[in-house]
Each structure stands twice: as structure tokens, then as C-alpha cells.
Number of protein chains: 2
Amino acid sequence: MNTWTREACERLDEQDPLRDFRGEFALPEGVIYLDGNSLGARPKAALERAERVVADEWGLGLIRSWNSAGWFDLPGRLGDQLSTLLGGGDGTTVVTDTTSVNLFKALSAAARIQAKDTPGRRVIVSERDNFPTDLYIIEGVIGTLGGDYELRLIDAGRPLDEALDESVAIVTLSHVNYRTGRLWDLASVTAQVQDTGALMVWDLSHSAGAVPIALEASGADMAVGCTYKYLNGGPGSPAFIWVAKRHQERFSQPLSGWWGHARPFAMETAYEPSAGIERFLCGTQPITSMSMVETGLDAHLRVDQTLLRDKSLALTDLFIELVAQRCGDHPLTLITPRDHGERGSHVSFRHPEGYAVMQALIARGVIGDYREPEVLRFGVTPLYLGFSDIWNAVEALRDILDTRAWDTEDFHRREAVT
Amino acid sequence: MNTWTREACERLDEQDPLRDFRGEFALPEGVIYLDGNSLGARPKAALERAERVVADEWGLGLIRSWNSAGWFDLPGRLGDQLSTLLGGGDGTTVVTDTTSVNLFKALSAAARIQAKDTPGRRVIVSERDNFPTDLYIIEGVIGTLGGDYELRLIDAGRPLDEALDESVAIVTLSHVNYRTGRLWDLASVTAQVQDTGALMVWDLSHSAGAVPIALEASGADMAVGCTYKYLNGGPGSPAFIWVAKRHQERFSQPLSGWWGHARPFAMETAYEPSAGIERFLCGTQPITSMSMVETGLDAHLRVDQTLLRDKSLALTDLFIELVAQRCGDHPLTLITPRDHGERGSHVSFRHPEGYAVMQALIARGVIGDYREPEVLRFGVTPLYLGFSDIWNAVEALRDILDTRAWDTEDFHRREAVT
């Protein structure tokens, strides 16, 4: 392990092949933004896009813009762009609704197929440490299935095969854990699950745009994820759902709204799902929020994914090493895997006063976030963070810990959003 | 019936107590916009609001805006504002997701309660002429219920009681029919349905913001609707769901995402629904699109609803009378009820060449829309339309019919969105 210096970090920034991307994002003065894994920074182009949608497409085009501005095609157009990034194949992805709603669709579709093909399988497997909405949605889906379905949770660190047997219908995991940053191997886990006869549904919320993904090659059955974290789509921008081409004609989902109909404007009385991925659409989408997703994707589609991953790992390595070197006297416990093959693009530490420490950091403009219990979480976004940012962030952390600056009543509890 | 003149229409505009509202909306030059029942015109304030959300709240506030800009409270805050307009009572409404998704939640919740309270009831009643997505969603919900549930459709013009018996669990109707503009009486239909032991779920998409509504006083059980039509929320702006206070603690719905949890940030493994209307939330909402809903609601909350309704009826009366007087030689058939008590805020006519006639109108800047089969639909929005607009629109229609200007290949088929 090197002994790091500020100058060494500055030299890495000068040599960084991705350094020019930072200029494409609007970031406030005096802020080191380490929460792009929760809400990605704004592409400068997003403001002009929003103005165009609101002033011109809505204000002047009015109802005509559903056709003339391509609004109705947005879920599929953005889906195809995103699929290029995720290696998903053509016609496999739509941008629509929320991650929770899309997971409901995916799990419902998977459960229906399994109930038909192998009705004895009544278990859905996930992780106890999964992002809670994934677990809540599994509960919701199970409530619609009738019969004795069961949610089986594996504990962090336990091998997945302990949960796999002939009773499992579906396994659903987050590719990168929202708290620890732990990364599953997409292809090998998918193969392991499918070998037991279960279907594999991934949540890519904390990996899409942060980690190279080859969805089609992984053999996965379905995936969902969000666009407002590493993909920079804007606050609450619509999520996505991907369905393997081989399944599309067979899978159906219960949120059978008119956007998923084979002929949405024929105004027929009976539902007939669209032949393709569009059957996973439901209702009319929030066009202004959705349109800005394109400006986020645009930057990602111009980045070499290998360079992105290399920089991500270099930045998270640096963070981990600096904390060890500069904050070694303080009770910080790394909970993110050190192994590159098991790490996403954020790093997390436990600290007994994690909540107050994070508030003190935020007050100094170093914006990470806090997650129960005791977790300081730092998102690393290679498109708009450099090595000096990491140095400065850890120096702020060191100073706060050395001076106990976190230990004031100002840094009381509040709520936050992932 | 008066014989109308252009001058008489101009005099009515001069006397119109709502005439100043027009200045609050951005409308293009040379357009008479008769499709505000499909996509409402843009409040001028919406552009500044979008810019503030994108440039300041997202760009500068970043993740902090979930708290500091009140993003997380938006569904409830907008819901309370909307509930004031709809007479829904406090804490009964959230703005969230799409109408289709919200109808899925409402029908699922209603069906669960009925399955528990009166399990023999296995029929959901609606109208054959309902907006198709409502029927498709009923199909989707039935698919999740197990057992022998049935959709029973009444034909247009038939009395509702023909469909009501002790097997009916839920009745769901559109308050105003999307095609004909036919208006149901909210309170008396609700009472009629509930007298038979069924629950009443309304779709207010084509009436919210167009017709005075007293939801709580009507005794209805649940309602959903959209904000992008008469409420001017912007393209695809999030929809709403209202649940009668008396039901909130008992009703639950399967889209059990983290925004509906009693403690969304405690990151608990098991789902526990929020005590109030928030249990009908699911996932993270599209903040930019949602924020603009407030600028639409702002205008509506300053309008006297009686004046709005009076003007709406005067404008639709005028449209009907002018078509009779000025286009009487042409095969136009009014399909909107003449009785004020049965009319929403749009008027529709059948014409054998309806599609081409509407394209010819749009080409002249008179923007209504076409609905299968053969229906010319004209939305009347009293906040930004005047009596002279109706005169000019009918004159354009008359000229197109008199000169057969619709009869060219330019006006071939395309698709449109309601």
C-alpha cells in the first residue's frame, strides 16, 4: 500500500482520461459530492432539455407532441439506449414507472410462469440485507399469488447455495448492495440459480452506470433498476425493466394498463398484451422527468466502460487506503469488500456515531449519506469525481474525528432518502 | 334556442368573470385549443417551477433537496391541495404514480376487503364504454385474486341497477365518460351501489378540475384520477388516489413499496403499512413532473367552482347550439347528453369521416381530437377558452364540411393519445 499524499492525488487527476466529463455536470461550489449513488449530479444539458419539454413541446406543441416530439416512444427509445449500456440486446428494455412497480411486474410475471411450469416451487429467495423496498414488494407479490408461497432470506456473508433447493421459484438479488457496496457476479450467480430450476431477477439500481454489465450474456431472466443514481436521470426519474428476449412472449404481468396493449389506441374492451417488451408498460408516463433521462444516458454512452470501472476501483481503493492511513486511530470499520470482484462503486464504514459524523461532513460540504445502522456511505462516481476530491473528503473526515466536531447538538437525527 | 352571432359571443367574453385566468396560461398563437381534456395547457408558472427544480433543487441542493425542498412530502402536500378542490377531506389523497397503477391499488384493496367481509361477492362491475385502461386493469386485478372472479360490463345507456345484485363486490365507473362526456351523479350512484353491498371506486380523470366534486360528501369508497387533463399538471404528470377516511386503516394494497411503509427510513425487513393514506404510495416519484402539478392546482384553487361549472355548461351549450345552427346540413350526430346534469366538460359528435375532419381542423389550428369510432371530441376548459373561441372553432368546422376540405390524402390515419 502506498503512503498517499495530496500531490500524488493531483497527479492522478492530471493523468485521468475521464477528467473532461466533469465539465458536463453542474455541481455547486464548495461541495464534494459523494452521494451520486443516491441522486446523481445534474448533467448541464438537463436544464435545457427540461426547458424545451416544458416551454416548447408542452406549451406550444400541446397534445400534438405525443407524436411530433416522440413522447409516446420515449419508454422504448430510452430503453434501447439504456440496453446498449447494459448489454441487454435490442427491444428488451423500457424506461417506465418506478423500480418498486417494475419489480412487482417482474416478480409477478416470473411467479406466473413458474406456477404453470413447475407448480411445486413456492419459495422466493432474497437477501435479508437487500434494499427494503425489494423485500416489501416480494411480500406484496406473494399476497397476490394465493397459496403457501414463502420468502426465504439469506444472511449477509452466507453462501447463496444454502438457500437453493427444488422448492425455489425465483431468486431476486441486488447486483450491488445499497449499504455495503458488495457486488454479486452477475453471470455465475445467474447460472447457479438457473441450474437449480429457479428464475433470476436482478435489481441493478446500485450498479447500472457504475459497473460494466453484460445482461444478455449473463443469461439472466429479468432485471429492474433506477435511472436517478449513477445514470444521472434526475430526482425520481422513471426506472427500467429488462426482460430476456426468450421470455418476452411468454411472460405477462398484472399491471395491464393501456400502454402495454397490443393496440393502445384501438380502444378495445379486452386486454391483449403487446408482442414485445412494451407489455411491461402500464400507464401514461411523466414526460418531463423522463425526457431528462436521455441527457444522463448520453454521457454514459460516450464513456469507455473499462476506463470507468478502472477509475471507480482506483477511487474506492484510494478511499479505503486513505481512511486506513489518515483515520487509523478512530473506530471506523470498513464494511465494503476489499476484493475488486466483490465491490461496486461506493464504500461504507461503520462508526458508533455514524449519524452525527455524517451530519458534520455534510455541514462542511462533503456530502455522503448515513444508513442504519451506524453506516457512513460514500458514493464514488468516476464521471465527476477525481482523486483530489477523495483526498479532501478523507481530510475533512479526519479533522472531524480528530476534533470531535461531530459531537454537537446541531447534528441531531433527520431522515434521508437513498 | 338563440340564433347565435359572433358579436353575441364577444359580448359574453367581455362579461366573463373568469376571463383573466386565460392570461395565466401559455398558448400558441393561432391555436384554439379544444384538447385540454386530454393534455391541459401549460400554466405560465410551470416553466419557472421546472427551472427551479432542475437548476436549483437538483443541481445545487442535490440529495439534500429531499428534505430542504420538500420533495419527500410532495405526494401528500399536493394531495391535500387537490383534496381541497375535490372536497375529499384532510389526509385522504396522495399524488403519485399513474391512474392505471392507482386503479390497480384501489381495486386490489377493495377486493381484499370484500373477500374478507363478504367472500361470496365475486363480480366487478364497470361500463363497456369505460376508458379501456380501466377495463384492462380490472382484468389484471382479477388475475391476481384467484378463484372465479368476473368482470360484468353494462352497455351505454342501460340503467346501472341491471348489473347490481348480491354477487357484486365492486363497481368502478368513470365519473365523466372519455368519449361521450356523459356524467354520472357521484352521490346518487354511490348510494345506489353501496345499498347493494358493493364498494364504489370512481375514476375522476375526465372530471377533476372540470366539474365541482364533493368526494367526502358523496360517500364514495375510493377514487383515482389524473392531473394532466383539466388540472394542467403537464404531460404525464403523476396521478392521484383518494381513500375515504373510514377505510384507510383497513385497506391495504399489494404494491407495498417503501414509500408506503410506516417507517421508510428505518430500513426494516418486513413491510408495515403507514397508518394513513401514505400506505397507497409505493416507490420514488418523478419530482420534476410532480412539482409542476402545483402550478396547475394553484389556478384551480383560486376559481369559484360554481362559476367554473356555469361557464363550462354555457360553452358546451354554445358549441352544441352552434353546430346545430351552422352545420345542420352535415351528418354530425351529437353523442354528448343535452341534460346539464348528465354532461361533463367536453362535447362529442359522430361524423362518418370523423378522422379526416379532425385532421383538417387541426391543420387549421383548431385542436380537438378523434376517438374511435368516428368521434370528434372537443374539450372545453373554462379557464382558458372563451365564447369567441367556440364560435371560431365551429366556423372552421362549418367551412371544412361545406368545402369538403377534409377530403384529401393529407388527412390519413395516425395515432393519438387521450
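Anything mentioned here points back to the structure above.
Thresholds, definitions, all that
Residues numbered from 1 in each chain as written. Chains lettered and ligands numbered in written order. Predicted model: local features only at pLDDT ≥ 70, side-chain atom pairs only at ≥ 80, totals over all residues. Heavy atoms only, no water. Helix = DSSP H or I, 4+ residues; strand = E, 2+ residues; numbered from the N terminus. Expected span 1.5 Å × (residues − 1). Bend = angle between axes of the 7 residues up to and from the residue. Buried < 20%, exposed > 50% of the residue type's maximum accessible area, 1.4 Å probe, protein only. Contact = heavy atoms within 4.5 Å. Salt bridge = Lys/Arg side-chain N within 4 Å of Asp/Glu carboxyl O. Pairing = 2+ DSSP bridges. Axes fitted to C-alpha atoms, helices over the stretch in contact; angles between N-to-C directions. Buried area = accessible area lost by both parts, 1.4 Å probe. Nonpolar A, V, L, I, M, F, W, Y, C, P; charged D, E, K, R; others polar.

### Observations concerning helix H2 (residues 44-61) of chain B
- Between its first and last C-alpha, H2(B) extends 24 Å over 18 residues, near the 26 Å set by a 1.5 Å rise per residue.
- Considering bend angle alone, the principal kink of H2(B) is centred on B:Val53 and spans about 30°.
- The set of residues buried in H2(B) consists of B:Ala46, B:Arg49, B:Ala50, B:Val53, B:Val54, B:Ala55, B:Glu57, B:Trp58, B:Gly59 and B:Gly61.
- Buried residues belonging to H2(B) abut strand S1 (25-26), strand S3 (42-43) and helix H2 (44-61) of chain A together with strand S3 (42-43), helix H3 (65-68) and helix H9 (287-301) of chain B.
- Of the residues one or two after H2(B), B:Leu62 is the one with positive phi, at around 50°.

### Looking at the pattern of salt bridges
- Counted by the stated rule, this structure contains 54 salt bridges over all chains.
- A:Arg179 is the partner of A:Asp129 in a salt bridge, and the nearest nitrogen-oxygen pair spans 2.2 Å. Of this pair, A:Asp129 sits in the loop between strand S5 (123-127) and helix H6 (132-145) while A:Arg179 sits in the loop between strand S7 (168-174) and helix H7 (186-195), placing them 50 residues apart in sequence.
- In this structure, B:Arg302 and B:Glu24 form a salt bridge, with 2.8 Å as the shortest nitrogen-oxygen distance. Within this pair, whereas B:Arg302 is found in the loop between H9 and helix H10 (305-326), its partner B:Glu24 is found in the loop between helix H1 (6-15) and strand S1 (25-26), the two being separated by 278 residues in sequence.
- Owing to a relative accessible area of 28%, B:Glu24 belongs among the partly exposed residues under this scheme.

### A look at the sheet that holds strand S12 (residues 346-350) of chain B
All names here are of chain B.
- Within the open sheet, the 4 strands sit side by side as S11-S12-S15-S14. Their pairing is antiparallel. Edge positions in the sheet fall to strand S11 (333-334) and strand S14 (369-371), since each has one partner strand and no second.
- Of the pairings in the sheet, the one linking S14 to strand S15 (residues 375-379) comprises 3 bridges and is antiparallel in character. If you follow Asp-369 over to S15, its bridge partner there is Arg-377.

### Re the environment of A:Thr118
- You can see A:Thr118 is positioned in the loop between helix H5 (99-117) and S5.
- In this structure, the C-alpha to C-alpha distance between A:Thr118 and A:Pro286, residues 168 residues apart in sequence, is 38 Å.

### Digging into the sheet that holds strand S12 (residues 346-350) of chain A
Residues and elements named next belong to chain A.
- On the basis of which strands lie adjacent, the open sheet formed by 4 strands has the order S11-S12-S15-S14 and antiparallel pairing. The sheet is open, and its two borders are formed by strand S11 (333-334) and strand S14 (369-371), each paired with just one other strand.
- The pairing of S12 with strand S15 (residues 375-379) spans 5 bridges and is antiparallel. Residue pairing in the sheet places His-346 in a bridge with Gly-379 of S15.
- In this fold helix H11 (residues 305-326) packs onto S11, S12 and S15, with an angle of close to 25° to the strand it touches most, S12.
- Those strands touched by helix H12 (residues 354-363) are S14 and S15, and its axis lies near 40° from that of S15.

### Side note on the interface of chain B and chain A
- Facing the 85 residues of chain B at the interface are 85 residues of chain A.
- Here chain B and chain A share an interface that buries about 7,100 Å² over both sides, 70% of which is from carbon and sulfur atoms.
- Where chain B touches chain A, the interface holds 0 salt bridges.
- Counting only elements with at least two residues in the side of chain B that touches chain A, the list comes to S3, H2, H3, helix H5 (99-117), helix H6 (132-145) and H9 of chain B.
- The element best represented in the side of chain B that touches chain A is H6(B), accounting for 10 residues.
- Of the residues belonging to the side of chain B that touches chain A, the class tally is 48 nonpolar, 24 polar and 13 charged.

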